[in-house]
Amino acid sequence: MSLVGSYVALSKPLAAAFPVFLLAWLRFGIGAVAMVGWLRRPADEPVMTRQTRSLLFLQSLLGNFLFTICMIYGVSLTSATSAGVIMASIPACVAVMSWLFLRERVAPRTWVAVACAVAGIALFALSKPELPAQAVSALEAKNTPNFAWLGYALLVAASLCEGAYSVIGKKLTGALGPRRITSLINLWGFALATPLGLWFALRFDFGAVAPGMWLLLLFYALAACVWTVWLWMTGLKAVPAAQGGVFTVLLPISAALVGVAVLGERFTAMQLVAFGIALASVVLATLPSRLAWRVGRGKPGSA
(Lines give C-alpha, C1' and ligand atoms only; values in the text may rest on other atoms or scores of the structure.)
Protein backbone atom coordinates (compact mmCIF):
# COMPACT_ATOMS: atom_id res chain seq x y z
CA MET A 1 0.00 0.00 0.00
CA SER A 2 2.92 2.35 0.63
CA LEU A 3 4.21 1.61 -2.88
CA VAL A 4 0.72 2.17 -4.31
CA GLY A 5 0.58 5.58 -2.67
CA SER A 6 3.96 6.54 -4.10
CA TYR A 7 3.10 5.67 -7.69
CA VAL A 8 -0.33 7.27 -7.39
CA ALA A 9 1.34 10.55 -6.48
CA LEU A 10 3.99 10.23 -9.19
CA SER A 11 1.44 9.27 -11.85
CA LYS A 12 -0.03 12.78 -11.97
CA PRO A 13 2.26 13.81 -14.86
CA LEU A 14 1.35 10.59 -16.72
CA ALA A 15 -2.36 11.39 -16.50
CA ALA A 16 -1.62 14.74 -18.11
CA ALA A 17 0.53 13.21 -20.87
CA PHE A 18 -1.65 10.22 -21.84
CA PRO A 19 -5.42 9.67 -22.18
CA VAL A 20 -6.72 7.59 -19.28
CA PHE A 21 -7.65 4.48 -21.27
CA LEU A 22 -4.42 4.59 -23.28
CA LEU A 23 -2.44 4.88 -20.06
CA ALA A 24 -4.27 1.87 -18.60
CA TRP A 25 -3.68 -0.17 -21.78
CA LEU A 26 0.05 0.65 -21.85
CA ARG A 27 0.31 -0.16 -18.14
CA PHE A 28 -1.25 -3.61 -18.54
CA GLY A 29 0.76 -4.28 -21.69
CA ILE A 30 4.09 -3.56 -20.00
CA GLY A 31 3.03 -5.68 -17.04
CA ALA A 32 2.10 -8.57 -19.35
CA VAL A 33 5.54 -8.54 -20.98
CA ALA A 34 7.27 -8.39 -17.58
CA MET A 35 5.30 -11.37 -16.23
CA VAL A 36 5.33 -13.77 -19.19
CA GLY A 37 7.26 -16.30 -17.13
CA TRP A 38 4.71 -16.12 -14.31
CA LEU A 39 1.85 -17.35 -16.50
CA ARG A 40 3.12 -20.95 -16.61
CA ARG A 41 1.44 -23.24 -14.11
CA PRO A 42 3.84 -24.68 -11.51
CA ALA A 43 4.06 -28.47 -11.37
CA ASP A 44 2.65 -28.60 -7.82
CA GLU A 45 -0.33 -26.35 -8.58
CA PRO A 46 -3.69 -28.00 -9.35
CA VAL A 47 -5.52 -27.29 -12.59
CA MET A 48 -7.79 -24.25 -12.32
CA THR A 49 -11.46 -24.94 -11.78
CA ARG A 50 -14.26 -22.98 -13.43
CA GLN A 51 -14.83 -21.14 -10.15
CA THR A 52 -11.17 -20.08 -9.98
CA ARG A 53 -11.27 -18.78 -13.56
CA SER A 54 -14.43 -16.82 -12.79
CA LEU A 55 -12.87 -15.31 -9.67
CA LEU A 56 -9.77 -14.24 -11.63
CA PHE A 57 -11.94 -12.47 -14.18
CA LEU A 58 -14.05 -10.83 -11.47
CA GLN A 59 -11.01 -9.62 -9.56
CA SER A 60 -9.54 -8.01 -12.67
CA LEU A 61 -12.88 -6.57 -13.79
CA LEU A 62 -13.67 -5.05 -10.39
CA GLY A 63 -10.23 -4.21 -9.02
CA ASN A 64 -8.42 -3.21 -12.22
CA PHE A 65 -10.97 -1.99 -14.75
CA LEU A 66 -14.14 -0.77 -13.05
CA PHE A 67 -12.32 0.68 -10.04
CA THR A 68 -10.23 2.93 -12.31
CA ILE A 69 -13.24 4.09 -14.33
CA CYS A 70 -15.46 4.73 -11.30
CA MET A 71 -12.69 6.58 -9.47
CA ILE A 72 -11.66 8.87 -12.34
CA TYR A 73 -15.18 9.75 -13.42
CA GLY A 74 -16.37 10.04 -9.82
CA VAL A 75 -13.68 12.60 -8.98
CA SER A 76 -14.44 14.52 -12.19
CA LEU A 77 -18.09 14.93 -11.17
CA THR A 78 -17.46 15.78 -7.50
CA SER A 79 -14.13 16.79 -5.96
CA ALA A 80 -10.89 15.33 -4.64
CA THR A 81 -12.04 15.93 -1.07
CA SER A 82 -15.30 14.06 -1.64
CA ALA A 83 -13.32 11.19 -3.15
CA GLY A 84 -11.02 11.05 -0.13
CA VAL A 85 -13.91 10.94 2.33
CA ILE A 86 -15.84 8.26 0.44
CA MET A 87 -12.77 6.14 -0.30
CA ALA A 88 -12.05 6.16 3.43
CA SER A 89 -14.74 3.49 3.61
CA ILE A 90 -12.52 0.89 1.88
CA PRO A 91 -11.21 -0.72 5.13
CA ALA A 92 -14.80 -1.05 6.36
CA CYS A 93 -15.91 -2.49 3.00
CA VAL A 94 -13.15 -5.11 3.18
CA ALA A 95 -14.03 -6.04 6.77
CA VAL A 96 -17.77 -6.38 6.07
CA MET A 97 -17.24 -8.33 2.83
CA SER A 98 -14.76 -10.71 4.46
CA TRP A 99 -17.29 -11.33 7.23
CA LEU A 100 -20.14 -11.90 4.76
CA PHE A 101 -18.45 -13.84 1.98
CA LEU A 102 -15.37 -15.46 3.57
CA ARG A 103 -17.00 -16.12 6.94
CA GLU A 104 -13.98 -14.60 8.66
CA ARG A 105 -14.30 -13.85 12.33
CA VAL A 106 -13.50 -10.16 12.67
CA ALA A 107 -12.09 -9.45 16.13
CA PRO A 108 -13.38 -6.40 18.05
CA ARG A 109 -9.89 -4.88 17.96
CA THR A 110 -9.95 -5.11 14.14
CA TRP A 111 -13.31 -3.27 14.02
CA VAL A 112 -11.79 -0.51 16.17
CA ALA A 113 -8.82 -0.40 13.78
CA VAL A 114 -11.20 -0.08 10.82
CA ALA A 115 -12.98 2.81 12.56
CA CYS A 116 -9.65 4.57 13.16
CA ALA A 117 -8.66 4.02 9.53
CA VAL A 118 -11.92 5.50 8.25
CA ALA A 119 -11.69 8.47 10.64
CA GLY A 120 -8.05 9.15 9.81
CA ILE A 121 -8.49 9.12 6.03
CA ALA A 122 -11.69 11.17 6.19
CA LEU A 123 -10.09 13.76 8.46
CA PHE A 124 -7.11 14.02 6.13
CA ALA A 125 -9.36 14.51 3.10
CA LEU A 126 -11.41 17.20 4.84
CA SER A 127 -8.27 19.06 5.96
CA LYS A 128 -6.69 19.02 2.51
CA PRO A 129 -7.18 22.22 0.48
CA GLU A 130 -9.31 21.66 -2.59
CA LEU A 131 -7.79 21.99 -6.03
CA PRO A 132 -10.79 22.04 -8.37
CA ALA A 133 -8.77 22.75 -11.50
CA GLN A 134 -6.67 19.61 -10.98
CA ALA A 135 -9.65 17.53 -9.99
CA VAL A 136 -11.38 17.99 -13.34
CA SER A 137 -8.51 18.50 -15.74
CA ALA A 138 -8.37 14.88 -16.90
CA LEU A 139 -11.87 14.84 -18.34
CA GLU A 140 -12.53 18.58 -18.67
CA ALA A 141 -15.78 18.27 -16.77
CA LYS A 142 -17.51 20.72 -14.44
CA ASN A 143 -18.64 19.96 -10.90
CA THR A 144 -22.32 20.71 -11.27
CA PRO A 145 -25.02 19.90 -8.69
CA ASN A 146 -26.98 18.07 -11.39
CA PHE A 147 -24.30 15.39 -11.71
CA ALA A 148 -22.85 15.40 -8.19
CA TRP A 149 -25.11 12.54 -7.14
CA LEU A 150 -23.75 10.43 -9.98
CA GLY A 151 -20.19 11.22 -8.90
CA TYR A 152 -20.93 10.16 -5.32
CA ALA A 153 -22.49 6.92 -6.57
CA LEU A 154 -19.44 6.18 -8.72
CA LEU A 155 -17.08 6.80 -5.79
CA VAL A 156 -19.10 4.45 -3.60
CA ALA A 157 -18.95 1.88 -6.40
CA ALA A 158 -15.17 2.33 -6.56
CA SER A 159 -14.91 1.63 -2.83
CA LEU A 160 -17.00 -1.52 -3.21
CA CYS A 161 -14.86 -2.63 -6.16
CA GLU A 162 -11.68 -2.22 -4.13
CA GLY A 163 -13.21 -4.11 -1.21
CA ALA A 164 -14.24 -6.95 -3.51
CA TYR A 165 -10.72 -6.99 -4.99
CA SER A 166 -9.22 -7.76 -1.58
CA VAL A 167 -11.82 -10.35 -0.64
CA ILE A 168 -11.58 -12.19 -3.97
CA GLY A 169 -7.79 -12.06 -3.74
CA LYS A 170 -7.94 -13.75 -0.34
CA LYS A 171 -10.15 -16.48 -1.81
CA LEU A 172 -7.77 -17.02 -4.74
CA THR A 173 -4.69 -17.40 -2.54
CA GLY A 174 -6.08 -20.76 -1.42
CA ALA A 175 -5.98 -22.10 -5.00
CA LEU A 176 -3.16 -20.24 -6.81
CA GLY A 177 0.22 -18.81 -5.99
CA PRO A 178 0.74 -15.02 -5.77
CA ARG A 179 2.71 -14.88 -9.03
CA ARG A 180 0.05 -16.70 -11.03
CA ILE A 181 -2.72 -14.52 -9.61
CA THR A 182 -0.75 -11.36 -10.37
CA SER A 183 -0.01 -12.32 -13.97
CA LEU A 184 -3.47 -13.68 -14.79
CA ILE A 185 -5.50 -10.74 -13.48
CA ASN A 186 -3.12 -8.40 -15.32
CA LEU A 187 -3.73 -10.35 -18.54
CA TRP A 188 -7.47 -9.95 -18.06
CA GLY A 189 -6.95 -6.24 -17.42
CA PHE A 190 -5.01 -5.95 -20.67
CA ALA A 191 -7.82 -7.70 -22.57
CA LEU A 192 -10.49 -5.44 -21.04
CA ALA A 193 -8.50 -2.26 -21.77
CA THR A 194 -7.48 -3.21 -25.33
CA PRO A 195 -10.53 -1.97 -27.31
CA LEU A 196 -10.49 1.58 -25.93
CA GLY A 197 -6.71 1.55 -25.59
CA LEU A 198 -6.26 0.83 -29.28
CA TRP A 199 -8.84 3.45 -30.22
CA PHE A 200 -6.92 6.16 -28.35
CA ALA A 201 -3.53 4.83 -29.51
CA LEU A 202 -4.45 5.29 -33.17
CA ARG A 203 -5.20 8.97 -32.49
CA PHE A 204 -2.31 9.74 -30.15
CA ASP A 205 0.98 11.46 -31.02
CA PHE A 206 3.55 9.27 -29.26
CA GLY A 207 6.42 11.40 -30.59
CA ALA A 208 5.31 14.30 -28.40
CA VAL A 209 5.98 12.34 -25.19
CA ALA A 210 9.22 13.30 -23.43
CA PRO A 211 11.81 10.53 -22.81
CA GLY A 212 11.58 10.99 -19.05
CA MET A 213 7.85 10.34 -19.22
CA TRP A 214 8.48 6.91 -20.74
CA LEU A 215 10.75 6.01 -17.81
CA LEU A 216 8.04 7.15 -15.41
CA LEU A 217 5.52 5.03 -17.33
CA LEU A 218 7.80 1.99 -16.98
CA PHE A 219 8.03 2.48 -13.20
CA TYR A 220 4.28 3.05 -12.96
CA ALA A 221 3.47 -0.11 -14.94
CA LEU A 222 5.86 -2.35 -13.00
CA ALA A 223 4.76 -0.96 -9.64
CA ALA A 224 1.02 -1.05 -10.39
CA CYS A 225 0.84 -4.36 -12.24
CA VAL A 226 3.68 -6.44 -10.80
CA TRP A 227 5.24 -5.40 -7.50
CA THR A 228 2.23 -4.14 -5.53
CA VAL A 229 -0.16 -6.90 -6.63
CA TRP A 230 2.40 -9.64 -5.88
CA LEU A 231 3.13 -8.14 -2.45
CA TRP A 232 -0.60 -7.83 -1.67
CA MET A 233 -1.43 -11.39 -2.74
CA THR A 234 1.57 -12.78 -0.86
CA GLY A 235 0.45 -10.95 2.28
CA LEU A 236 -3.13 -12.16 1.97
CA LYS A 237 -1.96 -15.77 2.12
CA ALA A 238 -1.10 -15.24 5.79
CA VAL A 239 -3.30 -12.29 6.87
CA PRO A 240 -7.12 -12.26 7.11
CA ALA A 241 -8.75 -10.02 4.52
CA ALA A 242 -10.37 -7.76 7.15
CA GLN A 243 -7.04 -7.21 8.87
CA GLY A 244 -5.27 -6.62 5.56
CA GLY A 245 -7.85 -4.05 4.52
CA VAL A 246 -6.74 -1.77 7.35
CA PHE A 247 -3.38 -1.35 5.61
CA THR A 248 -5.07 0.64 2.83
CA VAL A 249 -4.58 3.66 5.11
CA LEU A 250 -0.92 3.62 4.08
CA LEU A 251 -1.91 4.59 0.53
CA PRO A 252 -2.90 8.23 1.26
CA ILE A 253 -0.10 8.55 3.80
CA SER A 254 2.53 7.45 1.28
CA ALA A 255 1.01 9.61 -1.47
CA ALA A 256 1.11 12.65 0.80
CA LEU A 257 4.72 12.01 1.84
CA VAL A 258 5.77 11.76 -1.81
CA GLY A 259 3.84 14.96 -2.49
CA VAL A 260 5.82 16.74 0.22
CA ALA A 261 9.22 15.26 -0.71
CA VAL A 262 8.92 15.40 -4.52
CA LEU A 263 6.07 17.69 -5.52
CA GLY A 264 6.69 20.48 -3.01
CA GLU A 265 3.39 20.14 -1.13
CA ARG A 266 3.03 21.04 2.56
CA PHE A 267 1.55 19.38 5.61
CA THR A 268 -0.95 21.09 7.88
CA ALA A 269 -1.28 20.39 11.60
CA MET A 270 -4.67 18.75 11.03
CA GLN A 271 -3.18 16.42 8.42
CA LEU A 272 -0.53 15.28 10.90
CA VAL A 273 -3.28 14.49 13.43
CA ALA A 274 -5.16 12.57 10.74
CA PHE A 275 -2.06 10.56 9.88
CA GLY A 276 -1.55 9.74 13.56
CA ILE A 277 -5.07 8.33 13.80
CA ALA A 278 -4.62 6.38 10.56
CA LEU A 279 -1.31 4.88 11.68
CA ALA A 280 -2.88 3.94 15.02
CA SER A 281 -5.30 1.74 13.05
CA VAL A 282 -2.38 -0.26 11.64
CA VAL A 283 -0.94 -0.75 15.14
CA LEU A 284 -4.33 -1.91 16.44
CA ALA A 285 -4.78 -4.30 13.53
CA THR A 286 -1.38 -5.95 13.95
CA LEU A 287 -1.06 -5.91 17.74
CA PRO A 288 -3.22 -9.04 18.38
CA SER A 289 -1.05 -11.13 16.06
CA ARG A 290 2.12 -9.96 17.75
CA LEU A 291 0.76 -10.71 21.21
CA ALA A 292 -0.42 -14.16 20.13
CA TRP A 293 3.01 -14.89 18.66
CA ARG A 294 4.79 -13.90 21.86
CA VAL A 295 2.42 -15.92 24.02
CA GLY A 296 2.86 -18.92 21.73
CA ARG A 297 6.64 -18.73 21.98
CA GLY A 298 6.45 -18.60 25.72
CA LYS A 299 4.57 -21.89 26.03
CA PRO A 300 6.60 -25.08 26.07
CA GLY A 301 5.94 -27.28 23.04
CA SER A 302 3.83 -24.63 21.29
CA ALA A 303 3.88 -24.48 17.49
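My aim in this report is to walk through the structure given alongside it, one point at a time. All values derive from a computational prediction rather than experimental measurement.

Right, let's get into the overall build of the protein chain. When helices and strands are counted, the protein chain shows 14 helices and zero strands. Start at the N end of the protein chain and walk to the C end: the helices and strands fall as α-α-α-α-α-α-α-α-α-α-α-α-α-α. Taking all 303 residues of the protein chain together, the buried fraction comes to 46%. Long-range contacts, defined here as pairs at least 24 residues apart, represent 90% of the contacts in the protein chain between residues at least 6 apart. Approximately 15400 Å² of the protein chain is accessible, and the part contributed by carbon and sulfur atoms is 70%.

What follows covers helix α3 (residues 20-34). With 15 residues, α3 extends 21 Å between its outermost C-alpha atoms, agreeing within 8% with the 21 Å of an ideal straight helix rising 1.5 Å per residue. Counting buried positions along α3 yields eleven of 15 residues, so the element is predominantly enclosed. By the burial criterion, the buried members of α3 are F21, L22, L23, A24, W25, L26, R27, F28, G29, G31 and A32.

This part covers the packing of α3 against helix α11 (residues 211-236). Close contact between α3 and α11 brings their axes to 8 Å; oriented N to C, the two are set at 70°. Considering their axes alone, α3 and α11 lie roughly perpendicular with respect to each other. Residues L23, L26, R27, F28, I30, G31 and A34 of α3 pack against L217, L218, Y220, A221, L222, A224, C225 and V226 of α11. Residue composition of the contact of α3 with α11, grouped by class: 13 nonpolar, one polar and one charged.

Its 26 residues give α11 an end-to-end C-alpha distance of 37 Å, which sits within 8% of 38 Å, the value for a rise of 1.5 Å per residue. Of all bends in α11, the biggest is about 40°, found at A223.

Of all hydrophobic cores here, the largest spans 23 residues; its most connected members are F18, L22, L217 and Y220. Mapped by element, the contributors of at least two residues to this core are α1 (2-10), α3, α10 (178-201) and α11. Sorting elements by how many residues they give to this core places α11 first, with seven residues. Residues V167, L172, V229 and L236 belong to the second largest nonpolar core, which totals 22 residues.

This part covers a nonpolar patch on the surface. Taken together, the side chains of V96, W99, L100, F101 and W111 present a nonpolar region at the surface, about 530 Å² in accessible area. No other element matches the four residues that helix α6 (residues 90-101) contributes to the nonpolar patch. Along the chain, W99 turns up in helix α6.

Another aspect to go through is unusual backbone geometry. Non-glycine residue R103 carries a positive phi angle of around 60°. Counting through the fold element by element, R103 comes out in the loop between α6 and α7 (108-127). Residue R103 is classed as exposed on the basis of its relative accessible area, which comes to 69%.

For the rest of this paragraph, the subject is the environment of A221. Within the fold, A221 resides in helix α11. Taking the C-alpha atoms as reference points, A221 and A32, 189 residues apart in sequence, are found 9.6 Å from one another. With near-sequence residues (within four places) excluded, A221 lies in contact with R27, I30 and V226.

Parameters at a glance
- Residues numbered from 1 in each chain as written.
- Predicted model: local features only at pLDDT ≥ 70, side-chain atom pairs only at ≥ 80, totals over all residues.
- Heavy atoms only, no water.
- Helix = DSSP H or I, 4+ residues; strand = E, 2+ residues; numbered from the N terminus.
- Buried < 20%, exposed > 50% of the residue type's maximum accessible area, 1.4 Å probe, protein only.
- Contact = heavy atoms within 4.5 Å.
- Areas by Shrake-Rupley, 256 points an atom, 1.4 Å probe, with all protein chains shown as cover.
- Expected span 1.5 Å × (residues − 1).
- Axes fitted to C-alpha atoms, helices over the stretch in contact; angles between N-to-C directions.
- Parallel < 35°, antiparallel > 145°, perpendicular 65-115°, else oblique.
- Nonpolar A, V, L, I, M, F, W, Y, C, P; charged D, E, K, R; others polar.
- Bend = angle between axes of the 7 residues up to and from the residue.
- Core = buried A, V, L, I, M, F, W, Y, C linked by side-chain atoms within 4.5 Å.
- Patch = residues over 30% accessible without salt bridge, like charges linked within 9 Å, V, L, I, M, F, W, Y side chains within 5 Å.
- Salt bridge = Lys/Arg side-chain N within 4 Å of Asp/Glu carboxyl O.

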